Amino acid sequence: MPTVTKEAHKDGDYFVDYEQKVFEDVKADAGEKALVTFHTVAFEGSIGLVNILNAIRLHRKGYETSILLYGPGVTLGIQRGFPTLGDEAFPGHLNFNNNLKRFMSEGGKVFACRFALQALYGHGEASLIPGITPIAPQDVLDCILLHKKANAVILDTWTV
């Protein structure tokens, strides 16, 4: 049996070059917009959190950025907590809530489809994180079309 002579990894080690950036750091031109759509269930994978973080980054790059929650995506915008709302039951439990709140506190807009909220998931508007704007189901397509007409950067997030 071969002997392992390499020292074990420890806190503070890194495995990749975090300093090298291949592409230029793109910033928005005045008036440019971005839209990040979510048709994904909260806690079903990492894409919900990753693209909320992308929306925050787009906004910080100067894009007028909106998030659209529709279908199962509305579950990202529901108030959470246990044993009471706002209590974090385990580390990371409130990642969606905290990052959506941060996004909105920095000026980002979040919209949630009323149809999905009530008809699909049994919630009312009072279940949404404060600051999220509920919209009619017909507004979902128009939100996307308006951003498309504005030549916005659009990231569509779908989980199937």
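Preceding this section is the structure that the text describes.
This report concerns the structure included in the present document.

Scoring rules and cut-offs
Residues numbered from 1 in each chain as written. Predicted model: local features only at pLDDT ≥ 70, side-chain atom pairs only at ≥ 80, totals over all residues. Heavy atoms only, no water. Helix = DSSP H or I, 4+ residues; strand = E, 2+ residues; numbered from the N terminus. Rg over C-alpha atoms; globule rule 2.2 N^0.38 Å. Buried < 20%, exposed > 50% of the residue type's maximum accessible area, 1.4 Å probe, protein only. Contact = heavy atoms within 4.5 Å. Polar contact = N/O pair within 3.5 Å; in protein donor to acceptor, adjacent residues only side chain to side chain. Pairing = 2+ DSSP bridges. Axes fitted to C-alpha atoms, helices over the stretch in contact; angles between N-to-C directions. Arc of directions from axis to C-beta. Core = buried A, V, L, I, M, F, W, Y, C linked by side-chain atoms within 4.5 Å. Right-handed = clockwise from strand over helix to strand, strands pointing away.

Let us now look at the overall build of the protein. Scanning the protein from N- to C-terminus turns up four helices and five strands. Secondary structure elements of the protein, listed N to C terminal, follow the sequence β-α-β-α-β-α-β-α-β. The C-alpha radius of gyration of the protein comes to 19 Å, more than 25% above the 15 Å expected for a compact globule of 160 residues. Expressed along its principal axes, the backbone C-alpha trace of the protein runs to roughly 65 × 45 × 30 Å. Scored against the burial criterion, the 160 residues of the protein give a buried share of 37%. For the protein, the proportion of contacts with a sequence separation of at least 24, taken over those separated by at least 6, is 72%.

By secondary structure assignment, the location of H93 is in the loop between β2 (64-69) and α2 (95-105). Looking at H93, its side chain comes within polar contact range of the main-chain nitrogen of A89, at 3.1 Å. When residues no more than four places from it in sequence are discounted, the contact partners of H93 are F43, R80, G81, F82, D87 and E88.

Right, let's talk about the sheet that holds strand β5 (residues 153-158) for a bit. In space, the five strands of this open sheet follow the order β4-β3-β2-β1-β5, with parallel pairing throughout. What marks the edges here is a single partner per strand, and that holds for β4 (133-135) and β5. For this sheet, the mean angle separating the axes of adjacent strands, direction not counted, is 20°. Across four bridges, the pairing between β2 and strand β3 (residues 109-113) is parallel. Residue pairing for β3: I67 is matched across the bridge by V110. Helix-sheet contacts for helix α4 (residues 137-149) involve β1 (33-39), β2, β3, β4 and β5, and the interaxial angle to β1 is about 145°.

With an omega dihedral of 15°, the bond running from F82 to P83 counts as a cis peptide bond. Note that P83 resides in the loop between β2 and α2. The phi torsion at N151 lies on the positive side, around 55°, for a residue other than glycine.

As a further point, take α4. Among the residues making up α4, those that are buried are V140, C143 and H147. Each buried residue of α4 sits inside an arc of 70° when the element is viewed along its axis, so together they form one side. In this structure, α4 carries Q138, L141, L146, K148 and K149 as exposed residues pointing more than 90 degrees from its buried face. The secondary structure elements touched by the buried residues of α4 are β1, β2, β3, β4 and β5. Looking at the residues trailing α4, positive phi occurs at N151, about 55°.

Another aspect to go through is the environment of A136. The residue A136 is located in the loop between β4 and α4 in this model. In the structure, A136 is positioned 47 residues away from A89 in sequence and 32 Å away in space, judged by C-alpha atoms.

Attention shifts here to the nonpolar core. Across soluble globular proteins, nonpolar side chains have a tendency to be buried as a group. Among the nonpolar cores identified, the biggest contains 34 residues, and I67, L68, L69, V110 and I132 are the most heavily contacted of them. Those elements that place two or more of their residues in this core are β1, α1 (47-60), β2, α2, β3, α3 (114-120) and α4. If near-sequence neighbours (up to four positions away) are discounted, L69 is found in contact with F38, V74, L76, G77, V110, F111, A112, C113 and I132.

Turning our eyes to something else, we now look at the pairing of β3. Counting buried positions over the five residues of β3 gives four, a clear majority of the element. With respect to chirality, the unit in which β3 leads through α3 into the neighbouring parallel β4 is right-handed.

Everything listed is a geometric property; what it means functionally is a separate question.
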